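Structural characterization, general
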Amino acid sequence: MKVLLVNPPRSPHNALRDHAPPEALRFVHTRLVGPPLGLLTMAAAVRDDADVRFIDLKGEYDLHPDAPSPGDLVRASILADPPDIVGVTFIASETPAGLDILRAVRSVSDRILTVAGGLHATLCPEDFDDPAVDVVVQGDGALAFKALVRTVASEGGLDAVGGLLIRDGDHLRPTTAPALAIDPAGRDFLVPDRSCLKPWLSTYTVGGDPRPVTYLFTSLGCPSRCSFCSIWPQRAGAYLQRDIDSVIAEVASLTEYEVIRFADANSVVDIAWTNRLLDRLESEGIHKAFVMDLRLDTAAKHPELIARLARNGLKVVITGIESPRAEELKRYNKALDTRAITEGLGVFADNGILLRANYVVNPDYGPDDFAALAEFATAHATAYAGYTILTPMPGTALHRQMRPRIIDTDLAKYNFFNCVVETRLPLDRFYEEAGRLWAIRRGDHVIS
Ligand code: B12
Ligand code: SF4
């Protein structure tokens, strides 16, 4: 049994960048670097049952910008060594490219089983009702994917694998067996198979630092309920924390990586858990550089914990300020206030932690709103800041609210860098104002 797993390329659409002035341009990132942990988990799940081949098209294009199209690359790989199953992982903005990959597979052979999984397949399975898609796996798919591979190997019918959507003529339908219950951060946790990434390791770097960086999740989901966010709907509001032994074992195994970015929605939710993790990092003498997503109110409330994290290698924090306005934060259901923002920023600064703050630019902004945001961001400047566009991601509460205002349904634009709803200002002017914001930052750090 041969399985090919493909990480789709990034969406090329970035209107913010297209409109940003030269002084802001270098800070509007074109490439975000990180391993596709979901797909690497699928590799780990089926390793014992199949030969697994992997293509990271993001890494491939970073290494070879003039590489042939994704479809051609995948076709060539399939012709050279035909797999039985091809799996692709999907977020919203990479859905068109991912579907093109599965169409390329289909153009070579209709005997290869094509499988779509990941966040967007979980939230919007209807977007995969395409003749090139044979199976959709919703949710944390390790057990279902393993069962699927075994069933295909034994030439069984897919109805035996619970919880799948399978192609039946011109439509997708649920399989008849009951869905498999999975505990993806606990009993059924699998260490993502990072050995798949070897060919592209040199591309997993950030900020001009040549050392490869990797991601690691200590939790899945998020206990908060921000209206624009896909992370909590993806796991129906569940928040799943790994146990400390398994995190420590994974960190200790990452000998190739000195920089580890936690891929959690929020790396500190349970203070006692984090303190226990720090106890273990200290007692085991593990020294790495860490990057985490943390909330400013957590820092404001627990300055001693932030100091301890800093002593144990926390170097960079990514945090959402979203908006300086209380009524906007309330509308987004973001439980944060200006006092917590100011205090939290102070705590990170006191501990020498480099900050990237993210703001959400609302399509309703007019000149006064842009000026107010610029003033706040200047007064609260962080080493880097991102000013991304409020985007109704399919499957979120915001999408349901904003649906009537959506003017662009091309999913490739749903990456926070393009506006897909009506704007109050003429669109070009909106992008120019939003693009200009990206120059507001502090310090001389340069992100590539
Ligand atoms: C790591 C990460 C990345 C990495 C790697 C992604 C990749 N595929 O290459 C990098 C850094 C490249 C990345 C980039 C982007 N990302 Co990102 N990323 C994440 C992050 C932090 C963690 C995802 C993760 O690893 N989760 C853990 C794994 C285990 O879960 P999982 O991927 O869902 O996988 C499970 C299931 O979904 C399923 N599964 C997944 N794939 C498959 C495949 C098959 C075949 C099967 C059967 C099952 C299956 O099983 C898995 C195991 O349980 C999330 C936020 C978060 N905390 O969740 C955002 C997130 C996924 N990213 C997001 C976005 C928007 C982006 C960007 C478009 C832009 C941006 N501004 O961030 C860029 C894209 C490219 C660019 N412009 O450069 C959004 C997606 C929203 C949406 N609805 O689409 C998220 C949710 C962040 C957010 N704030 O909303 N990202
Ligand atoms: S924006 Fe952050 S805090 Fe809010 S629900 Fe999403 S992951 Fe959680």
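Computed from a predicted model, the values in this text were never measured in an experiment.

To continue, consider the packing of aromatic side chains. The description of an aromatic ring pair uses the distance of the two centres, along with the angle that the planes make with each other. Scanning all chains against the criterion turns up 12 aromatic pairs. Between tyrosine 365 and phenylalanine 370, the aromatic rings sit 5.6 Å apart at their centres with planes inclined by 85 degrees, giving edge-to-face as the arrangement. Like phenylalanine 370, tyrosine 365 is buried. With a centroid separation of 5.7 Å and an interplanar angle of 70 degrees, the aromatic rings of phenylalanine 370 and phenylalanine 430 are classed as edge-to-face.

What follows deals with the sheet that holds strand S8 (residues 213-216). The sheet built from 6 strands is open, its strands ordered S8-S11-S12-S13-S14-S15 with parallel pairing. Edge positions in the open sheet fall to S8 and strand S15 (384-389), since each of these has one partner strand only. Averaged over neighbouring strand pairs, the angle between their axes works out to 20 degrees when direction is ignored. Pairing of S8 with strand S11 (residues 259-262), which is carried by 4 bridges, proceeds in the parallel orientation. Its bridge partner being in S11, leucine 216 is matched across the sheet by phenylalanine 262.

Now for the site of ligand 1. Of all residues adjacent to ligand 1, which total 41 residues, the nearest are Thr89, Ala92, Asp140, Gln234 and Ala263. Contact between ligand 1 and aspartate 140: an oxygen atom at 2.6 Å from a side-chain N or O atom of the residue. Between ligand 1 and arginine 235 there is a distance of 3.3 Å, counted from an oxygen atom to a side-chain nitrogen or oxygen. Broken down by secondary-structure element, the contributors of at least two residues to the shell around ligand 1 are helix H3 (37-46), strand S3 (85-89) and helix H9 (231-234). Considering each element in turn, the shell around ligand 1 owes the most residues, 4 residues, to H3. Partitioned by chemical class, the residues of the shell around ligand 1 number 21 nonpolar, 14 polar and 6 charged. Looking at which domains feed residues into the shell around ligand 1, each of domain 1 (2-174) and domain 2 (205-437) supplies at least three.

Strand order in the open sheet formed by 7 strands is S2-S1-S3-S4-S5-S6-S7, with mixed pairing between adjacent strands. Because the sheet does not close on itself, it has two edges, and the strands there are strand S2 (51-56) and strand S7 (171-174). Taking each pair of neighbouring strands and ignoring which way they run, the sheet shows an average axis angle of 25 degrees. Of the strand pairs in this sheet, strand S6 (residues 164-168) and S7 are connected by 4 bridges, and their pairing is antiparallel. Opposite leucine 165, over in S7, you have proline 174 as the bridge partner.

With that out of the way, let us pick up the layout of surface pockets. Estimated volume of the second largest pocket: approximately 260 Å³. Of the residues that constitute the lining of the second largest pocket, the class distribution is 10 nonpolar, 6 polar and 2 charged.

Moving on to helix H18 (residues 427-437). Those residues of H18 not exposed but buried are Phe430, Tyr431, Glu433, Ala434, Gly435 and Leu437. On its buried face, H18 sits against helix H1 (15-19), helix H2 (22-25), strand S14 (354-361), helix H16 (367-379) and S15.

What follows covers the packing of helix H5 (residues 70-80) against helix H6 (residues 95-108). Between H5 and H6, the shortest axis-to-axis distance is 9 Å and the interhelical angle comes to 40 degrees. On the basis of the axis angle, H5 is oblique to H6. Handedness of the H5/H6 crossing: right-handed. Along its contact with H5, which presents Pro70, Gly71, Val74, Arg75, Ile78 and Leu79, the element H6 presents Ile101, Ala104, Val105, Ser107 and Val108.

Another aspect to go through is the domain arrangement of the protein. One can read the domain layout of the protein as domain 1 (2-174) and domain 2 (205-437). For domain 1 versus domain 2, the distance between C-alpha centres works out to 26 Å. On the side of domain 2, 34 residues touch domain 1, which itself brings 28 residues to the contact. A buried area of about 2,500 Å², summed over both sides, lies between domain 1 and domain 2, and 66% of it is on carbon and sulfur atoms. On the domain 1 side of the interface with domain 2, the three residues burying the most area are His13, Leu16 and His19, jointly 24% of the side's total.

This structure, assessed with the given rule, holds 37 salt bridges. Note that aspartate 72 and arginine 75 form a salt bridge whose closest N and O atoms lie 2.9 Å from each other. Residue aspartate 72 and its partner arginine 75 are located together in helix H5, separated by 3 residues, close to a single helical turn. With a relative accessible area of 37%, aspartate 72 lands in the partly exposed category. With relative accessibility at 28%, the residue arginine 75 sits in the partly exposed group. The residue aspartate 369 makes a salt bridge to arginine 424 at a minimum N-O spacing of 3.3 Å.

For helix H15 (residues 338-350), built from 13 residues, the straight-helix expectation of 18 Å at 1.5 Å per residue is met to within 8% by its first-to-last C-alpha distance of 18 Å. Taken residue by residue, H15 has Ala340, Ile341, Gly344, Leu345, Val347 and Phe348 as its buried positions. Seen end-on, H15 carries its buried residues on one side only, within an arc spanning 160 degrees. Set apart from the buried face of H15 by more than 90 degrees, the exposed residues are Arg339, Ala349 and Asp350. Contact partners of the buried residues in H15: helix H12 (296-301), helix H13 (303-311), strand S13 (314-322), S14 and H16. One side-chain oxygen at the N-terminal end of H15 lies 3.1 Å from the backbone nitrogen of arginine 339; it belongs to aspartate 337. One or two residues past the end of H15 sits glycine 352, with phi positive at roughly 65 degrees.

What counts and how
Residues numbered from 1 in each chain as written. Chains lettered and ligands numbered in written order. Predicted model: local features only at pLDDT ≥ 70, side-chain atom pairs only at ≥ 80, totals over all residues. Heavy atoms only, no water. Phe/Tyr/Trp six-rings, centres within 6.5 Å; stacked < 30°, edge-to-face > 60°. Buried < 20%, exposed > 50% of the residue type's maximum accessible area, 1.4 Å probe, protein only. Pairing = 2+ DSSP bridges. Helix = DSSP H or I, 4+ residues; strand = E, 2+ residues; numbered from the N terminus. Axes fitted to C-alpha atoms, helices over the stretch in contact; angles between N-to-C directions. Near = heavy atom within 4 Å. Polar contact = N/O pair within 3.5 Å; in protein donor to acceptor, adjacent residues only side chain to side chain. Nonpolar A, V, L, I, M, F, W, Y, C, P; charged D, E, K, R; others polar. Domains from an automatic or database assignment. 1 Å grid on protein atoms, 1.4 Å probe; cavity = no way out; pocket = protein on both sides within 12 Å on 5 of 7 lines; lining within 4 Å. Points joined across faces, edges and corners; volume = space filled by probe spheres on them. Contact = heavy atoms within 4.5 Å. Parallel < 35°, antiparallel > 145°, perpendicular 65-115°, else oblique. Left-handed = near helix turned anticlockwise from the far one by under 90°. Buried area = accessible area lost by both parts, 1.4 Å probe. Salt bridge = Lys/Arg side-chain N within 4 Å of Asp/Glu carboxyl O. Expected span 1.5 Å × (residues − 1). Arc of directions from axis to C-beta.

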